[in-house]
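Residue strings, one per chain:
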Amino acid sequence: MNLAYRDLRHNLGRFLLTCFGLSLLLGVVLSMIGIYRGLVEDALTLVRSPAVDVWVVESGTRGPFAESSRIPGDTREAIARLQGVIAAGSVNYQSVETLHQGAKRRLYVVGYEPGRPGGPDRVVSGRTIGRSHYEMVADRRAGFAVGDRVPLGRNTFTVVGLTDGQVASGGDPAIFITLLDSQELQFELAPPAARREIARGNGGGTTDTVNAVIARVSPNASPESVTLAAQRWKHLAAMTQAEQEIVLTQSVVERARKQIGLFTAILLVVSAVIIALILYTMTMDKIREIATLKLIGAPDRTIIGLIMQQALAMGMIGFGFGALLITAVKDFFPRRVVLQPEDGLALAAAVLLVCILSSGLGVRLALKVDPATALGG
Amino acid sequence: MADPAPQSPLVHIRNVSKHFGEGETRVDALRNVSIEVYPGQVVALLGPSGSGKTTLLNVIGCILEPSSGWVKLDNEIVYDGRWLRSDLRRLRLEKIGFIFQFHNLLPFLNSIDNVAVVLNLAGYDAEEAKRRAGELLDYLEVGHRKDAMPAKLSGGEAQRVAIARALANRPRIILADEPTAALDSQRAGIVMDLLRKVAAEQQAAILAVTHDEKIFNRFDHIFHLRDGRLET
């Protein structure tokens, strides 16, 4: 006869309500882990999207994501000629805000040369950019549809294709336009300012500047040798893909990562305290029954089993509900929530451990119950 | 009334004293109490509040160790230093049945399982435990309520289920704490008749704490306690 099960069945409504409350808490813990993972994944999405091996940026910087970087537009030709490089492309990155259908949209603009590395890795709807000007491929999260016309700077762009999951480290959806358009958007002066520069004798200024050059390296060559070769030009710095990813995860999103990590740890501690209190209260409610069981001769292991089994049942049901809940709503979060099976398993193991440790408080109370409590009114 | 049988007593306590605290706060709950209860006897413990009745019941029930004196249950001396807490619990399970003032049935088990749980703890398999529990409920004329939860039982039915639980392991000693306090006089009489029947048929010793004057005539012997002392 399983006393734990029978007791839970008798108080099923209250038990399920407790499990539901716990599931909300564990759901929040799981979502925090998912947000943490999402933050890292978002930070790496645009870096991984072009599938390159080497990043060439302005000398003395760790751009283009961690710091601002500007290099001459003809750098790509020089990099493309390095031994081992099989493809190279110039890229620009810039954050912009625009109005679309009356709503303000924050976007992360990627400028690339169609046919060269740097464009969207997969277009899920529509097509890639086919014209050299005023076409864009936007991520679904931007809220645009194929055919929409979106003003950017002094020009209006037509959405020709959609990507899925292409976001910047800040969570802003990415849009892809041609390098020429992005240079104009980023570097071209407004007409009054341009006229002023011409009047000063500086000409209109050149817009042939890029943030970085990215390169794919032949399997026969090593990215390190290409970066060393690129760094011989004194105005350039270069890093491998792995180094660029480290810059992003350990620099750009480091504080946010630590903040969320710490908050997750605090939530786990809070969960442990709440589970311990729930179990303690559940045991307090059963003092008379425990005293009766002791009086009629139930051994300690029966009492401990009763409390531990209920603790584990509560933890597992709470975790299960929480995981289901977060899986169901994760796509409604404004930023990406990445739920990985190993994180779920780790949290389940942590919850089990917390339940076992937390039930110690209830077990201690139960073992101290005097069987004489059952006697008398 | 049944005469004390010639065999050795099932409950035999000699010069038992129990005090709580020391110095100025010392309270002597029991002072040199000696009692003998024989198989088939139904005896009552009477006394005003604070006279030591519950303390004596706890001592006999292997819940409370006396400060001095000895306790022999079914010819075995307990509290002689050989007994672990788990041994005493085992002794309670095998030899002592408890009946409480407010039945103390486990609220999450139905009537039959409240009785069967004791048999399960004693090592009976589930089927055998249920069979014997069912027989006991029939014996106590509450077999028709075997699937009812305690909250759905009347006071008399609940107390009969509690008696069935106390009898489940065929204990030699039954300790009852105000077994009829929550019942009207008619049901109190029925419960006492049941206890007398059990004592006679199973040759058990029954010791009941009671204030209930309407059942005094149903006991073989009445022990009066006052200020922890037995009055003759």
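Calculation notes
Residues numbered from 1 in each chain as written. Chains lettered and ligands numbered in written order. Predicted model: local features only at pLDDT ≥ 70, side-chain atom pairs only at ≥ 80, totals over all residues. Heavy atoms only, no water. Helix = DSSP H or I, 4+ residues; strand = E, 2+ residues; numbered from the N terminus. Rg over C-alpha atoms; globule rule 2.2 N^0.38 Å. Buried < 20%, exposed > 50% of the residue type's maximum accessible area, 1.4 Å probe, protein only. Core = buried A, V, L, I, M, F, W, Y, C linked by side-chain atoms within 4.5 Å. Contact = heavy atoms within 4.5 Å. Domains from an automatic or database assignment. Buried area = accessible area lost by both parts, 1.4 Å probe. Salt bridge = Lys/Arg side-chain N within 4 Å of Asp/Glu carboxyl O. Polar contact = N/O pair within 3.5 Å; in protein donor to acceptor, adjacent residues only side chain to side chain. Axes fitted to C-alpha atoms, helices over the stretch in contact; angles between N-to-C directions. Parallel < 35°, antiparallel > 145°, perpendicular 65-115°, else oblique. Left-handed = near helix turned anticlockwise from the far one by under 90°. Nonpolar A, V, L, I, M, F, W, Y, C, P; charged D, E, K, R; others polar.

Looking now at the overall build of chain A. Across its full length, chain A holds 11 helices and 12 strands. Over its C-alpha trace chain A gives a radius of gyration of 30 Å, far above what one expects of a compact globule, namely 21 Å for 377 residues. Across its three principal axes, chain A shows a C-alpha extent of roughly 105 × 50 × 35 Å. Looking at chain A residue by residue over its 377 residues, the buried ones come to 50%.

As a further point, take the nonpolar core. The tendency in soluble globular proteins is for nonpolar side chains to be buried side by side. Of all hydrophobic cores here, the largest spans 95 residues; its most connected members are B:Ile13, B:Leu56 and B:Leu73. In contact with B:Leu73, other than residues within four places in its own chain, are B:Leu10, B:Val11, B:Ile60, B:Cys62, B:Val78, B:Leu91, B:Ile96 and B:Ile173. Ranked by size, the runner-up nonpolar core spans 28 residues in total, among them A:Leu8, A:Leu279, A:Ala311 and A:Leu347.

Attention shifts here to the domain arrangement of chain A. Residue and element names in this part refer to chain A. According to the domain assignment, chain A consists of domain 1 (3-43 + 255-374) and domain 2 (49-252). With centres defined by C-alpha atoms, the gap from domain 1 to domain 2 works out at 48 Å. Counting residues at the interface gives 8 residues for domain 1 and 9 residues for domain 2. Both faces combined, the contact of domain 1 with domain 2 buries some 720 Å², and carbon together with sulfur accounts for 42% of it. The interface formed by domain 1 and domain 2 holds 0 salt bridges in total. Taken together, domain 1 and domain 2 are joined by 4 residue pairs in polar contact (both at pLDDT 80 or more). Top element by residues in the side of domain 1 that touches domain 2 is helix α2 (residues 12-48). It accounts for 3 residues.

Along helix α4 (residues 179-187) of chain A, 7 of the 9 residues are buried, which leaves the element largely enclosed by surrounding structure. Where α4(A) is concerned, the buried positions are A:Leu179, A:Asp181, A:Ser182, A:Gln183, A:Glu184, A:Leu185 and A:Phe187.

Looking now at the pattern of salt bridges. Residue and element names in this part refer to chain A. As enumerated under the stated definition, the model contains 29 salt bridges over all chains in all. Residue glutamate 77 is joined to arginine 76 by a salt bridge in which the shortest nitrogen-to-oxygen separation is 3.5 Å. Residue class for glutamate 77 comes out partly exposed when judged on its relative accessible area of 33%. Overlapping salt bridges bring together Arg76, Glu77, Glu113 and Arg116 as one network.

For the rest of this paragraph, the subject is the packing of helix α1 (residues 3-10) of chain A against helix α10 (residues 300-329) of chain A. Residues and elements named next belong to chain A. Interhelical geometry of α1 versus α10 gives an angle of 55° and a closest axis separation of 8 Å. Classified by the angle between their axes, α1 and α10 sit oblique to one another. α1 and α10 meet at a crossing whose hand is right-handed. Taking contact as the criterion, the partners of Leu3, Ala4, Asp7 and Leu8 in α1 are, on α10, Thr302, Leu306, Gln309, Gln310 and Ala313. Of the residues belonging to the contact of α1 with α10, the class tally is 5 nonpolar, 3 polar and 1 charged.

Here the focus is the interface of chain B and chain A. In this complex, chain B contributes 25 residues to the contact, which on the side of chain A involves 25 residues. Carbon and sulfur atoms supply 64% of the area buried between chain B and chain A, which totals about 2,400 Å² over both sides. Contact with chain A buries area across many residues of chain B, yet B:Arg89, B:Phe108 and B:Leu121 alone supply 29% of it, more than any other trio. Taken together, the links from chain B to chain A amount to 2 salt bridges. Of the charged contacts, one joins B:Asp113 and A:Arg6 as a salt bridge, the two residues approaching to 2.2 Å between their closest N and O atoms. One can count 8 residue pairs in polar contact (both at pLDDT 80 or more) joining chain B with chain A. Elements with a contribution of two residues or more to the side of chain B that touches chain A: α2 (85-95) and α3 (111-121) of chain B. With 6 residues, the top contributor of residues to the side of chain B that touches chain A is α3(B).

Let us now look at the packing of helix α9 (residues 287-295) of chain A against helix α11 (residues 341-368) of chain A. All names here are of chain A. Two elements in contact, α9 and α11, have axes whose closest approach is 9 Å; the angle formed by their N-to-C orientations is 55°. When the interaxial angle is binned, α9 and α11 end up oblique. In the packing of α9 onto α11, the handedness of the crossing is right-handed. On α11, the residues that touch Ile287, Ile290 and Lys294 of α9 are Leu365, Ala366, Leu367 and Lys368. Taken together, the residues of the contact of α9 with α11 break down into 5 nonpolar, no polar and 2 charged.

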